[in-house]
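# Descriptive structure summary
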Amino acid sequence: MRNRNLISITDFNKEEYIRILDLAMTFEKQPVQDIAKGKIIATLFFEPSTRTRLSFESAANRLGAKVIGFTDAASSSTSKGESLSDTIKTVCCYADLIVMRHPLEGAARLASEVASVPIINAGDGANQHPTQCMLDLYSIRQTQYTLDNLNVAFVGDLKYGRTVHSLVEAMCHFNTTFHFISPQSLKLPSAVKMHIKEKKLKYYQYTEIQDAIPKVDILYMTRVQRERFLDIQDYEKVKNTYILEQSMLVDCKSNLKILHPLPRVNEINTNVDTTSQAYYFQQAQNGVYVRQALIAAILGLKQ
Ligand code: CP
């Protein structure tokens, strides 16, 4: 994986997912490993982030690398009219690896076409979030002890949810049965559904979350993302459609775990946080180990 870009989850194959997850396990056992001393990682965030940026920076620090970057496009020269291509070519002079988030779909791919160092996509608009997907896979494997033959439900904004798109595509490699729960206006895009159809996997669609809960091993909740709607009234109509409450878990399977890429707004009541099914904060913690593994593999520091 040395010098490879990670733009879409489909850039890696099933064997490579497993290799990264196995490597991440070694970082969970021993988080501080000074193998990236002398390396510089740039984190370019043109869109807000808490978990992705900070876990990447935490991962880089634990590996002994130094981090440069910006957290807001307004503090970069793009605010003076500099193109993304020129920004990337410039940052390549200063860093060994670039982690970037951008509101425009395809921005990370464009960056990779002009960059002389590897690019990791930390989210491009409503398109892809492959490193979140890797930590989601890790979290699923840690809680279910397998990735194969699981029933996985996705709830909420399946249209604009980039974490959903990446995870559905990845889970197609593992004979998953999918359960989709969303408002009519936020259904999974047909381009993503195509991956399920190509593999001839089963999928079911629901309007009520309770209809799916008893059947699934993983309940992947998502936020309805206000920032993706062109018309705020469309957001208002759907923002409160699904709110998971502790009482809704009475019929769940004993192995059920609830994941959420976070941030949440109100789609998981805080009374769920203390249940044995809640796993979303551990999921965020897993992001550090997985991002350590990705940095180490892409910089060629570990196989
Ligand atoms: N999951 C995720 O991408 O969170 P942030 O937006 O806080 O990075």
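Summarised in this report is the structure supplied together with it. (Residues numbered from 1 in each chain as written. Predicted model: local features only at pLDDT ≥ 70, side-chain atom pairs only at ≥ 80, totals over all residues. Heavy atoms only, no water.)

### Here's the deal with helix α4 (residues 107-114)
Within the sequence span of α4, burial applies to Ala 107, Ala 108, Ala 111 and Ser 112. Take α4 and look down its axis: the buried residues cluster within an arc of 140 degrees, on one side only. In this fold, the buried residues of α4 make contact with α3 (84-91), β3 (97-102) and β4 (119-124). (Buried < 20%, exposed > 50% of the residue type's maximum accessible area, 1.4 Å probe, protein only. Helix = DSSP H or I, 4+ residues; strand = E, 2+ residues; numbered from the N terminus. Arc of directions from axis to C-beta. Contact = heavy atoms within 4.5 Å.)

### Details of the packing of aromatic side chains
Inspection of every chain in the model, using the stated rule, returns nine aromatic pairs. Ring geometry for Phe 154 versus Tyr 220: centroids 5.4 Å apart, planes at 45 degrees, classification tilted. Linking Phe 154 in strand β5 (residues 151-155) with Tyr 220 in strand β8 (residues 218-221), this pair joins segments that are 66 residues apart in sequence. A ring pair is formed by Phe 178 and Phe 180, whose centres lie 5.8 Å apart and whose planes are at 10 degrees; its orientation type is stacked. Chaining the aromatic ring pairs together yields one cluster made of Phe 154, Phe 178, Phe 180, Tyr 203 and Tyr 220. (Phe/Tyr/Trp six-rings, centres within 6.5 Å; stacked < 30°, edge-to-face > 60°.)

### Quick look at the sheet that holds β4
In any sheet, the strands associate via hydrogen bonds between backbone groups, in a parallel or an antiparallel arrangement. Taken in spatial order, the four strands of this open sheet run β2-β1-β3-β4, and their pairing is parallel. Where the open sheet ends on each side, the last strands, each with one partner, are β2 (66-70) and β4. Neighbour to neighbour, the strand axes of the sheet diverge by 15 degrees on average, direction disregarded. As judged from the five bridges shared by strand β1 (residues 40-45) and β3, these two strands associate in the parallel manner. Looking at β3, one finds that Thr 43 is bridged to Val 99. (Pairing = 2+ DSSP bridges. Axes fitted to C-alpha atoms, helices over the stretch in contact; angles between N-to-C directions.)

### With respect to the pairing of strand β6 (residues 177-181)
For a regular strand, side-chain orientation follows a simple rule: the groups alternate between the two sheet faces. Judged by how many residues are buried, β6 sits mostly within the fold: five of five residues are covered. The two faces of β6 match: Thr 177, His 179 and Ile 181 on one face and Phe 178 and Phe 180 on the other face are all buried. As judged from the five bridges shared by β5 and β6, these two strands associate in the parallel manner. The partner of Ala 153 across the bridge, within β6, is His 179. Handedness of the β5-helix α6 (residues 162-171)-β6 crossover: right-handed. Viewed along the sheet, the connection from β6 through helix α7 (residues 190-198) into strand β7 (residues 203-206) turns out right-handed. (Right-handed = clockwise from strand over helix to strand, strands pointing away.)

### Brief notes about the pattern of salt bridges
This structure, assessed with the given rule, holds eleven salt bridges. The partner of Glu 16 in a salt bridge is Arg 4, with the nearest N and O atoms 2.9 Å apart. Linking Glu 16 in helix α1 (residues 14-29) with Arg 4 in the segment before α1, this pair joins segments that are twelve residues apart in sequence. Taking the relative accessible area as the measure of exposure, Glu 16 reaches 10% and is therefore buried. The class of Arg 4 is partly exposed, set by a relative accessible area of 27%. Lys 237 serves as the salt-bridge partner of Asp 234, at 3.5 Å between the closest nitrogen and oxygen. Pair noted here: Asp 234 and Lys 237 are both in helix α9 (residues 232-238), with a separation of three residues, about one helical turn. Residue classification places Asp 234 among the partly exposed positions, given a relative accessible area of 34%. The class for Lys 237 is exposed, based on a relative accessible area of 67%. (Salt bridge = Lys/Arg side-chain N within 4 Å of Asp/Glu carboxyl O.)

### A look at empty space enclosed by the protein
Space left empty within the atom packing is revealed by a probe, the size of a water molecule, rolled over the atoms. Per the counting criterion, the structure on display carries two cavities of 30 Å³ or more. Approximately 70 Å³ is the volume attributed to the largest cavity. If you go around the largest cavity, the residues you meet are Val 155, Gly 156, Met 221, Thr 222, Arg 223, Val 224, Val 238, Lys 239, Thr 241, Tyr 242, Asn 266 and Glu 267. Considering only residue class, the lining of the largest cavity consists of five nonpolar, four polar and three charged. By volume, the second largest cavity is sized at about 50 Å³. Listed by contribution, the elements that provide at least two residues to the lining of the second largest cavity are β6 and β7. Tallied by class, the residues present in the lining of the second largest cavity amount to five nonpolar, two polar and two charged. (1 Å grid on protein atoms, 1.4 Å probe; cavity = no way out; pocket = protein on both sides within 12 Å on 5 of 7 lines; lining within 4 Å. Points joined across faces, edges and corners; volume = space filled by probe spheres on them. Nonpolar A, V, L, I, M, F, W, Y, C, P; charged D, E, K, R; others polar.)

Everything listed here is a matter of coordinates, which is why it stays silent on function.
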